[in-house]
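# Breakdown of the fold
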Amino acid sequence: DVATPADVDAIYNWMSGALGDMAMIDYPYPTNFIANVPAYPVTASCEKLAETLENERTQTNFMKFIKNLFAGRRTDQAELPHAALLKAMTAAVNVFYDYEGKATCNDVNNQGTPSLGTIGWDYLACTEQVLPIASDGKTDFFWDQPWDLSTYSQQCEQQFGTPSRPAWVPEHYG
């Protein structure tokens, strides 16, 4: 059940994590080093999304609905039924999380895959491989998340007890 803002955040993070990871491994051949995915997993994900959406009206209103939902704005129920949206998005991200169709349930609180958890990457991204990644909710369908090194460093310090070192790579490797 989606009953609280924290539930929406968990679903959003689970979905956006899969979309971001698929973009990083969008190779022209199947791979399994992060997750078992087909060739061009982004294309496969979009195809699953399109296949699952029920009709042209649903497809037309999908982007408006998802932007409003992720922006925290109320949406018109007539735009797109929540069940259709979640079904379509789940089919899309399951290209990453469950391409073989073996899972009986999705754990939206776990963005890791059996071959790669998120804690190791989160630590590396906080301490040595700081990547300024942002979204604006206008040119993409992610939430508005501007990049702020100070805020990012504070979150890293809080989570791992160590400061961010954004200059570590150039200092050590030139």
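Residues numbered from 1 in each chain as written. Predicted model: local features only at pLDDT ≥ 70, side-chain atom pairs only at ≥ 80, totals over all residues. Heavy atoms only, no water.

### Thoughts on the packing of helix 5 (residues 119–127) against helix 6 (residues 149–160)
- It is the contact of helix 5 with helix 6, at a shortest axis distance of 10 Å, that shows an interaxial angle of 130°. Regarding the angle of helix 5 to helix 6, the classification is oblique. Considering only the axes of helix 5 and helix 6, their crossing is left-handed. Residue-level inspection shows I119, D122, Y123, A125 and C126 of helix 5 in contact with helix 6, the latter providing Y152, C156, Q159 and F160.
- Residue classes in the contact of helix 5 with helix 6 are distributed as seven nonpolar, one polar and one charged. (Axes fitted to C-alpha atoms, helices over the stretch in contact; angles between N-to-C directions. Helix = DSSP H or I, 4+ residues; strand = E, 2+ residues; numbered from the N terminus. Parallel < 35°, antiparallel > 145°, perpendicular 65-115°, else oblique. Left-handed = near helix turned anticlockwise from the far one by under 90°. Contact = heavy atoms within 4.5 Å. Nonpolar A, V, L, I, M, F, W, Y, C, P; charged D, E, K, R; others polar.)

### A short note on helix 6
- The end-to-end C-alpha distance of helix 6, which contains twelve residues, comes to 16 Å, matching closely the 16 Å that a straight helix rising 1.5 Å per residue would cover.
- Note on helix 6: the residue one or two positions beyond its end, G161, has a positive phi of about 70°. (Expected span 1.5 Å × (residues − 1).)

### Things to note about the state of the cysteines
- In total, this model carries one disulfide according to the counting rule given.
- In this model C126 forms its disulfide with C156; the gap between the sulfur atoms is 2.1 Å. On the S-S bond that ties C126 to C156, the torsion sits near -80°, and the link is left-handed. You can see C126 sitting in helix 5 and its partner C156 sitting in helix 6, a full 30 residues away along the chain.
- The class for C156 is buried, based on a relative accessible area of 0%. (Disulfide = S-S within 2.5 Å. Buried < 20%, exposed > 50% of the residue type's maximum accessible area, 1.4 Å probe, protein only.)

### What to know about the packing of aromatic side chains
- Under the defined criterion, the tally for this structure stands at seven aromatic pairs.
- Pairing F96 with Y97 gives two aromatic rings, centres 5.1 Å apart and planes at 75°, and the pair type is edge-to-face. An identical accessibility class is assigned to F96 and Y97; each is buried.
- By way of ring pairs, the aromatic residues W14, F96 and Y97 are connected into one cluster. (Phe/Tyr/Trp six-rings, centres within 6.5 Å; stacked < 30°, edge-to-face > 60°.)

### Concerning the confidence of the model for the protein
- Overall, the predicted model of the protein reaches an average pLDDT of 81, with 77% of residues at or above 70.
- The least confident element of the protein, judged by mean pLDDT, is helix 3 (residues 56–70) at 62; the most confident is helix 6 at 91. (pLDDT = per-residue confidence, 0-100.)

### Remarks on the pattern of salt bridges
- As enumerated under the stated definition, the model contains two salt bridges in all.
- R165 is the partner of E128 in a salt bridge, and the nearest nitrogen-oxygen pair spans 3.1 Å. Residue E128 is located in the loop between helix 5 and helix 6, and its partner R165 is located in the loop between helix 6 and helix 7 (168–173); the two are separated by 37 residues in the primary sequence.
- Residue R165 is classed as partly exposed on the basis of its relative accessible area of 34%. (Salt bridge = Lys/Arg side-chain N within 4 Å of Asp/Glu carboxyl O.)

### Some remarks on a nonpolar patch on the surface
- A contiguous nonpolar surface patch, about 370 Å² in accessible area, is contributed by W121, L124, L131 and I133.
- Relative to the assigned elements, L131 resides in the loop between helix 5 and helix 6. (Patch = residues over 30% accessible without salt bridge, like charges linked within 9 Å, V, L, I, M, F, W, Y side chains within 5 Å. Areas by Shrake-Rupley, 256 points an atom, 1.4 Å probe, with all protein chains shown as cover.)

### A look at helix 2 (residues 41–52)
- Helix length check: helix 2 (twelve residues) gives 16 Å between terminal C-alpha atoms against 16 Å at 1.5 Å per residue, within 8%.
- Along helix 2, the positions that sit buried rather than exposed are P41, A44, S45, L49 and T52. Taken around the axis of helix 2, the buried residues stretch over an arc of 140°, which confines them to a single face. (Arc of directions from axis to C-beta.)

### Focus: the nonpolar core
- Counting 21 residues, the largest nonpolar core has M15, L49, M89, V93, F96 and Y97 as the members making the most contacts within it.
- Put simply, the parts of the chain that give this core at least two residues each are helix 1 (5–24), helix 2 and helix 4 (82–97).
- Once residues within four sequence positions are removed from consideration, M15 is found in contact with L86, M89, T90 and V93.
- A125, C126, Y152 and C156 belong to the second-largest nonpolar core, a separate cluster that totals five residues. (Core = buried A, V, L, I, M, F, W, Y, C linked by side-chain atoms within 4.5 Å.)

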